[in-house]
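Coordinate analysis (summary)
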Amino acid sequence: MKKIILTGDRPTGPLHIGHLEGSLKNRVKLQNSDDYEIYIFTADVQALTDHFNDPETVRNNVREVVCDYLACGIDPEKTTIFIQSQIPEVAELTVFYSNLVTMSRLYRNPTVKTEIAQKKALFGENGESVTYGFVGYPVSQAADITAFDADIIPVGEDQLPLIEQCREIVRKFNSIYGDTLKEPEALIGDVSRLKGLDGNKMSKSLGNAIYLKDSEEEIIKKVSKATTDPNKIKKDDPANPEVCNVYYYHKIYSKDNLDTICSECKNGTRGCVSCKKELAKNINEYLKPIREKRKYYEEHPEIVDEILKKGTEKARKKAMETIKKVKQSMKINYFE
Ligand code: TRP
């Protein structure tokens, strides 16, 4: 039997080239190996844990994210794509698992801890108004994973504490109710997260991201604002490419011309303006097929809906098998 891979994204914004390099490419590779049964979903319930007051954003971004998936080569014939909220069994499992985790363990989860600290506007200076749902989202993530009997979870480093917490819940469940659930393993992608145009981690909130849906003009404009070697003031000053964000991207998108770019930058024969233009051109070229494919799906929302409906139906079947086993183990299968 094929191993099961499951992964998801919070639909809080469209996906950017950091997602493409850090996870989407890897997912497509895994999909095309035909060695796995793959599930990918938009984690809208999880997105609502910190966007509960903004349901519109979550709703709109479900389709945006799915268009990004399809544009990058996620093939609905091979990969099951679905929406988390449409699988009620996940919510049921979350309730059952919540008995198996202590509050202090949740508060100690490094990912949760960091996020509470980052969301001061929402949860207060010291997290004093953090919600039950937010602190508990690792429990719901454990439900996402186990509902589909997943073996492998491809994620970024920041998600490791969540996978660990899921493994603990599985062990606890199995030790109390008997062997029922599978302990999943994290698969860390080999490319670390891309830096943004300003050198910080690429993220929507920092405004330093290049989105897969950006137009050519938007990309030219964004790249023109990227930060470069701060010591280079004039066009013909020699500079250090290793501290330049534009060069950082050239290393990914301008591989053919890299030696020239590097030496011209170092000896002062390359101005930042033209260097940025060259980068924007290469990124645009690289994103062209993705952008075209994305446009097709944007213009055909009925096709996207059909893919999601079919995927959700298939995923639900799997989750129903799991919940049946879980209820048997927990002795709450009264009418069977
Ligand atoms: N927490 C993940 C993120 O923020 C999204 C997610 C929700 C997820 N449930 C999951 C990822 C289950 C992998 C498996 O990106």
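Residues numbered from 1 in each chain as written. Predicted model: local features only at pLDDT ≥ 70, side-chain atom pairs only at ≥ 80, totals over all residues.

Moving on: the overall build of the chain. Along the backbone of the chain there are 15 helices and five strands. A compact globule built from 336 residues would reach a C-alpha radius of gyration of about 20 Å, and the chain, at 22 Å, matches this within 12%. Its C-alpha atoms give the chain principal-axis dimensions of about 80 × 45 × 35 Å. For the chain, with 336 residues in total, the buried portion stands at 37%. For the chain, restricting intrachain contacts to residue pairs at least 6 apart in sequence, the fraction spanning at least 24 positions comes to 77%. (Helix = DSSP H or I, 4+ residues; strand = E, 2+ residues; numbered from the N terminus. Rg over C-alpha atoms; globule rule 2.2 N^0.38 Å. Buried ≥ 20, exposed ≤ 12 C-beta atoms within 10 Å, placed from the backbone. Contact = placed C-beta atoms within 7 Å.)

Within the structure, the ligand sits among 13 residues, and Thr7, Gly8, Ala43, Gln141 and Asp144 are positioned closest to it. Going through the elements one at a time, β1 (3–9), α9 (137–147) and β4 (152–155) are the ones with two or more residues in the shell around the ligand. For the shell around the ligand, the per-class residue count stands at five nonpolar, five polar and three charged. (Near = placed C-beta within 6 Å. Nonpolar A, V, L, I, M, F, W, Y, C, P; charged D, E, K, R; others polar.)

Segmentation of the chain into domains returns domain 1 (3–195 + 300–329) and domain 2 (216–295). A separation of 35 Å is found between the C-alpha centroids of domain 1 and domain 2. With seven residues of domain 1 at the contact, the number on the domain 2 side is six residues. Tallied by class, residues from the side of domain 1 that touches domain 2 come to four nonpolar, no polar and three charged. (Domains from an automatic or database assignment.)

Take the nonpolar core next. Of all hydrophobic cores here, the largest spans 72 residues; its most connected members are Val66 and Ile81. With nine residues, helix α3 (residues 55–72) is the largest single contributor of residues to this core. When near neighbours in sequence (up to four residues on either side) are disregarded, valine 66 contacts Thr42, Ile81, Val304 and Leu308. In this structure, Val112, Ile116, Val135 and Tyr137 belong to the second largest nonpolar core, which totals five residues. (Core = buried A, V, L, I, M, F, W, Y, C linked by C-beta atoms within 7 Å.)

Once that is clear, we can look at the packing of α9 against helix α10 (residues 160–177). Remark: α9 packs on α10, axes separated minimally by 9 Å, with the N-to-C direction vectors making an angle of 75°. The orientation of α9 relative to α10 falls into the category roughly perpendicular. Contact with α9, carried on its side by Pro138, Val139, Gln141, Ala142, Ile145 and Thr146, involves Leu162, Gln165, Cys166, Ile169 and Val170 of α10 and no other residues of that element. Classifying every residue of the contact of α9 with α10 by side-chain character gives eight nonpolar, three polar and no charged. (Axes fitted to C-alpha atoms, helices over the stretch in contact; angles between N-to-C directions. Parallel < 35°, antiparallel > 145°, perpendicular 65-115°, else oblique.)

This brings us to unusual backbone geometry. One non-glycine residue, aspartate 34, lies in the positive phi region at around 60°. Note on placement: aspartate 34 falls in the loop between α1 (17–32) and β2 (36–42). Residue aspartate 34 is classed as exposed on the basis of its C-beta count, with 9 C-beta atoms lying within 10 Å. Here the phi dihedral of aspartate 149 falls at roughly 60°; this positive angle occurs in a residue that is not glycine. The topology assignment puts aspartate 149 in the loop between α9 and β4.

Here serine 23 shows up in helix α1. When the 20 C-beta atoms within 10 Å are taken as the criterion, serine 23 is described as buried. Separated by 16 residues in the primary sequence, serine 23 and threonine 7 place their C-alpha atoms 9.8 Å from one another.

Taking 1.5 Å per residue, 18 residues should reach 26 Å; α10 reaches 26 Å between its end C-alpha atoms and fits that length. Here α10 has its buried residues at Leu162, Ile163, Gln165, Cys166, Ile169, Val170 and Phe173. Looking straight down α10, one finds its buried side chains confined to an arc of 155°; they lie on one side. Where α10 is buried, its residues meet α4 (88–97), α6 (110–118), α9, β4 and β5 (185–188). Where α10 ends, the next residue or the one after it, glycine 178, has phi of about 95°, a positive value. (Expected span 1.5 Å × (residues − 1). Arc of directions from axis to C-beta.)

With that out of the way, let us pick up helix α2 (residues 44–51). Every α-helix winds through 3.6 residues per turn, so residues three or four apart in the chain are directed the same way. With respect to burial, α2 is a largely interior element, six of its eight residues being buried. Looking at α2, one finds that the buried residues are Asp44, Val45, Gln46, Ala47, Leu48 and Asp50. For α2, the elements touching its buried residues are β2, α3, β3 (79–83), α7 (120–123), α8 (132–135) and α9.

Note on placement: lysine 317 falls in helix α15 (residues 301–329). Classification of lysine 317 as exposed rests on a count of 10 C-beta atoms within 10 Å.

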